[in-house]
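Now for the letters of each chain:
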Amino acid sequence: MKSLNPAFAGLGTTIFTVMSALAVEHGAINLGQGFPDEDGPLDIREAAARALIDGPNQYPPMAGVPALRQAVAAHDRRFYGLDYDWASETLVTSGATEALTAALFALLSPGDEAVVIEPLYDCYVPIIRAAGAVPVPVRLQPPDWRLPAGELAAAFGPRTKLLVLNTPMNPTGKVFTAAELGLIADLLRARDAYALCDEVYEHLVFSGAGHLPLAGLDGMRERCIRVGSAGKTFSLTGWKVGYLSGPAALIGTVAKAHQFLTFTTPPGLQIGVAAGLAKDDSYFTGLAAGLEAKRDRLRAGLRAVGFQTLPVDGSYFVTADVRGVGPDLPDDDYCRWLTATIGVAAVPVSAFYMADDPPRHLIRFCFCKRDEVLDAAVERLRRGLQTAA
Ligand code: PMP
Ligand code: GLN
């Protein structure tokens, strides 16, 4: 039999699915896969439910229902002062995953290079490879996850077509600084490259700090595609509604890829998300403040049971250093042990690396859970680690 596409044939199932299944098997509290355990605002769900009953229920416009595209453009103007024409510079997709896939397929040609920053979200590299392009990793070093300027510059070459930038970043919770974004902008300019900006955690930034899109820097609007997700912004991860904004010259071609990936996204859900994006500022600040309190709660609990935690300024996730706490195991085995024996699921950070030799002492916990769930997880850790000691 002929071999299948190596971009996919050699892959395992995503670590999120694997750990969630293991959590179910062992009755563990699931702090692995990133999803909130409380659904997002009722009014958004009601708007979608009404649209399911009243319609429209047939194919919506390929680029998305106008109400949502207008809401995306208004959102980008309100929060970042970015001016996009809703009709030609926004696009609705089935989740950020489809947005990223469509953008990578649209921008990359075989032989192009795509700079990616490790640790990285798991869908980037297979899609880059499926497009025939070559991922070029730059590695951030724990515990502070600083961007190494020299290594980043060295990763850019004449074949660099784009950089994938994820800020706030999964799994680290890093929020790229203005200085780091400036450095990236200089390299994009010098190499005439694009940036695919995965900003799904844009509203989950802590300490009152706002999100800074790369597209807002001088000269970057024309080079950047921004990706957002209603899953994260409205705690509705199962809806898989994503959106992109960028210059018409780029979005037009991304739409060509989108038309053959999914073509459209359920119209009722789009109508619900349009209502969400129009919410008052207080919704967005409340979301960040609520998650910040959860970060603090879980982080304090993890520290109290002996873990060192790494800095986290945004996203759903806190990373713990497992060295010296419980058995001496590499991160993936440690997560299996933690799930099966202690009853708390986490995700090994080594799963977020494409190259050999990832760090093996870090595990990621998700904190977008009810307080009592976080407390119960910490209590299981406290008891289990005491017994294991
Ligand atoms: N990018 C990052 C960094 C993510 O963490 C996720 C999480 N699910 C996605 C993209 C995909 O988002 P969606 O569920 O909207 O496809
Ligand atoms: N983004 C989520 C995480 O990092 C999970 C997404 C998925 O399960 N594909 O946990």
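Small disclaimer: the values here were computed from a predicted structure and weren't measured.

Within the secondary structure, His211 is located in the loop between β6 (194-198) and β7 (224-229). Within the local environment of His211, its side chain forms a polar contact with the side chain of Glu199, the two groups lying 2.9 Å apart. Residues contacting His211, with those up to four places away along its chain left out, are Tyr80, Thr167, Pro168, Glu199, Glu202, Val205 and Arg226.

The immediate surroundings of ligand 2 are formed by Phe16, Gln33, Gly34, Tyr121, Asn170, Tyr201, Lys232, Phe317 and Arg364. Gln33 is positioned such that a nitrogen or oxygen atom in its side chain is 2.7 Å from an oxygen atom of ligand 2. Compared with its free state, where it exposes 300 Å², ligand 2 has 81% of that area covered by protein. Counted by class, the shell around ligand 2 contains four nonpolar, three polar and two charged residues.

To continue, consider the site of ligand 1. Close to ligand 1 lie 13 residues, the nearest being Thr97, Asp198, Tyr201, Lys232 and Lys240. Contacts to ligand 1 include Tyr201, whose side-chain N or O atom sits 2.6 Å from an oxygen atom. One nitrogen or oxygen atom from the side chain of Lys240 is found 2.7 Å from an oxygen atom belonging to ligand 1. In isolation ligand 1 exposes 390 Å². Once the protein is present, 93% of that is buried. By residue class, the composition of the shell around ligand 1 is five nonpolar, five polar and three charged.

Turning to the sheet that holds strand β9 (residues 308-309), a few remarks are in order. The four strands are arranged β9-β10-β13-β12 in an open sheet whose pairing can be described as antiparallel. Edge strands, defined here as strands with exactly one partner in the open sheet, are β9 and β12 (347-348). For strand β10 (residues 317-321) and strand β13 (residues 362-366), the ladder comprises five bridges, and the chain directions are antiparallel. Paired with Thr319 across the bridge in β13 is Arg364. Contacts between helix α14 (residues 331-342) and the sheet are confined to β12 and β13, with β13 contributing the most and set at about 45° to the helix.

Before going further, it helps to spend a moment on the packing of helix α13 (residues 281-304) against helix α15 (residues 371-388). As a packed pair, α13 and α15 sit with axes 9 Å apart at the nearest point and diverge in direction by 10°. In terms of orientation, α13 lies roughly parallel with respect to α15. Contact residues: α13 offers Lys294, Arg297, Leu298, Gly301 and Leu302, while α15 offers Asp371, Leu374, Asp375, Val378 and Leu381. Across the contact of α13 with α15, the residue classes break down as five nonpolar, one polar and four charged.

Okay, the environment of Ala355 next. Secondary-structure assignment places Ala355 in the loop between β12 and β13. The spatial distance from the C-alpha of Ala355 to the C-alpha of Ala99 is 25 Å, given a sequence separation of 256 residues. Ignoring sequence-local partners within four residues, the contact set of Ala355 consists of Glu118 and Arg139.

It is worth spelling out the nonpolar core at this point. Nonpolar side chains in soluble globular proteins tend to be buried together. Counting 126 residues, the largest nonpolar core has Leu68, Leu214, Phe234, Phe307, Phe365 and Leu381 as the members making the most contacts within it. Among the elements that take part in this core, helix α6 (residues 95-107) stands out by supplying seven residues, more than any other. In contact with Phe234, other than residues within four places in its own chain, are Gly40, Pro41, Ile44, Tyr243, Val273, Gly276, Leu277, Tyr283 and Phe284.

For the rest of this paragraph, the subject is the side chain of Asn30. Along the chain, Asn30 turns up in strand β1 (residues 29-30). A distance of 3.0 Å separates polar atoms of two side chains, one belonging to Asn30 and the other to Ser20. At 2.8 Å, the side chain of Asn30 and the backbone nitrogen of Gly32 are in polar contact. With residues near it in sequence (within four places) discarded, Asn30 still touches Ser20, Ala23, Phe35, Ala345 and Lys369.

Within the open sheet, the seven strands sit side by side as β2-β8-β7-β6-β5-β3-β4. Their pairing is mixed. Two strands lie at the open edges of the sheet, namely β2 (90-93) and β4 (134-139), each paired on one side alone. Taken over all neighbouring pairs, the strand axes of this sheet differ in orientation by 20° on average, direction set aside. Relative to β7, β6 is paired through four bridges, and the arrangement is parallel. For Asp198, the partnering residue across the bridge sits in β7 and is Val227. In this fold helix α4 (residues 66-80) packs onto β2, β7 and β8 (242-245), with an angle of close to 120° to the strand it touches most, β2.

Turning to helix α2 (residues 15-26), a few remarks are in order. Its twelve residues give α2 an end-to-end C-alpha distance of 16 Å, which sits within 8% of 16 Å, the value for a rise of 1.5 Å per residue. Those residues of α2 lying buried are Ile15, Phe16, Met19, Ser20, Leu22 and Ala23. Taken end-on, α2 shows its buried residues confined to a sector of 160°, consistent with a single buried face. Of the residues in α2, the exposed ones pointing more than 90 degrees away from the buried face are Val24 and Glu25. Buried residues along α2 sit against β1, α14, β11 (344-345), β12 and β13. One or two positions beyond α2, positive phi appears at Gly27, with a value near 60°.

Analysis parameters
Residues numbered from 1 in each chain as written. Chains lettered and ligands numbered in written order. Predicted model: local features only at pLDDT ≥ 70, side-chain atom pairs only at ≥ 80, totals over all residues. Heavy atoms only, no water. Helix = DSSP H or I, 4+ residues; strand = E, 2+ residues; numbered from the N terminus. Polar contact = N/O pair within 3.5 Å; in protein donor to acceptor, adjacent residues only side chain to side chain. Contact = heavy atoms within 4.5 Å. Near = heavy atom within 4 Å. Areas by Shrake-Rupley, 256 points an atom, 1.4 Å probe, with all protein chains shown as cover. Nonpolar A, V, L, I, M, F, W, Y, C, P; charged D, E, K, R; others polar. Pairing = 2+ DSSP bridges. Axes fitted to C-alpha atoms, helices over the stretch in contact; angles between N-to-C directions. Parallel < 35°, antiparallel > 145°, perpendicular 65-115°, else oblique. Core = buried A, V, L, I, M, F, W, Y, C linked by side-chain atoms within 4.5 Å. Buried < 20%, exposed > 50% of the residue type's maximum accessible area, 1.4 Å probe, protein only. Expected span 1.5 Å × (residues − 1). Arc of directions from axis to C-beta.

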